[in-house]
Amino acid sequence: MRRFTQFDYQASTWSPPLRLVAKVEVSPLGTNVRFVTTNLQTGQPSFLYQQADAGRGQMENFIKNHKTFLHSDRTSCHRFEANQFRLLLHSAAYLLLHALQELLLAGTQLQQATFDTLQRRWLKIGARVVERATVIRFHLASAFPLQPLYRLIHTRLAAPGG
C-alpha cells in the first residue's frame, strides 16, 4: 500500500515554511517513509514525488554515468584546449552509449543498466576478428551468454530505419 500526503514545515533556520511531500509505503518488508521538500505550491503530492523528484534522481544517474563510468572528470592535461577536447570525446561517447541503450537495448535486461555494466558485459568481450576485403566478421565463443542479445541487436540494426 502506498499513500502520499503534504503539509507545511518550517525548520528553525528556514525563514518561510516549505511544502513537505511525504510518501508512506507499507509492504511485507515493513514501513517505508520518504519526504521531499519543495517550494512548488501547486501539483498533486504523488506527481511531485514520483515525477518531479524521480526525474531529478534520473538526471543525477545520467551525470553519474558521464562522470564516473566514462571518466569525464579526467581533465589532467596542462592546456585548456586539450581538456576541452577530452570532455568533448567523453560527451560523444556518452551520447553514443545512451542512444545505443535507448534504441538497441530496449526491452532487454540491459535497458536500465549503468554504463559500467554496459562496458563490462556488452562491450568488453573476447572475440576473434576475421577481416576480408569487403567484410569484417566477429566470432564469439559458442558458450557466450549474451548471444541472444547480440542477435537481437543485429536484427534491430539490419531492420529498415535501424
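In what follows, the accompanying structure is described. (Residues numbered from 1 in each chain as written. Predicted model: local features only at pLDDT ≥ 70, side-chain atom pairs only at ≥ 80, totals over all residues. Heavy atoms only, no water.)

**Some details on the packing of aromatic side chains**
- Under the criterion given, the structure shown has three aromatic pairs.
- Aromatic pair Y9 and W14: ring centres 5.7 Å apart, planes at 85°, arrangement edge-to-face.
- A residue is classified by how much of its surface remains accessible, and W14, at 28% relative accessible area, is partly exposed. (Phe/Tyr/Trp six-rings, centres within 6.5 Å; stacked < 30°, edge-to-face > 60°. Buried < 20%, exposed > 50% of the residue type's maximum accessible area, 1.4 Å probe, protein only.)

**Side note on the nonpolar core**
- Grouped together as the largest cluster of nonpolar side chains are 15 residues, with contacts concentrated most on L105, L110, F115, L118, W122 and L149.
- Breaking this core down by element, the ones donating at least two residues are α2 (80–104), α3 (115–123) and α4 (147–158).
- Look past the residues within four positions of L118 in its chain and what remains in contact with it is L97, Q101, L105, L110, A113 and L123. (Core = buried A, V, L, I, M, F, W, Y, C linked by side-chain atoms within 4.5 Å. Helix = DSSP H or I, 4+ residues; strand = E, 2+ residues; numbered from the N terminus. Contact = heavy atoms within 4.5 Å.)

**Quick word on the pairing of strand β4 (residues 128–131)**
- With four bridges connecting them, β4 and strand β5 (residues 136–139) associate as antiparallel partners. Bridge pairing links E131 to I136 in β5.
- Counting the residues in the hairpin turn of β4 and β5 gives four residues. (Pairing = 2+ DSSP bridges.)

**What to know about the pattern of salt bridges**
- Across all of its chains, the model carries four salt bridges by this definition.
- The residue E25 makes a salt bridge to R2 at a minimum N-O spacing of 2.6 Å. Of this pair, E25 sits in strand β2 (residues 18–27) while R2 sits in strand β1 (residues 2–9), and the two are 23 residues apart along the sequence.
- For R2, a relative accessible area of 39% translates into the label partly exposed.
- Across the pair E25 and K23 runs a salt bridge whose closest N-O atoms are separated by 3.4 Å.
- Residue classification places K23 among the buried residues on the basis of a relative accessible area of 9%.
- Residues participating in the shared-partner salt-bridge network are R2, K23 and E25. (Salt bridge = Lys/Arg side-chain N within 4 Å of Asp/Glu carboxyl O.)

Coordinates in, geometry out; function isn't part of it.
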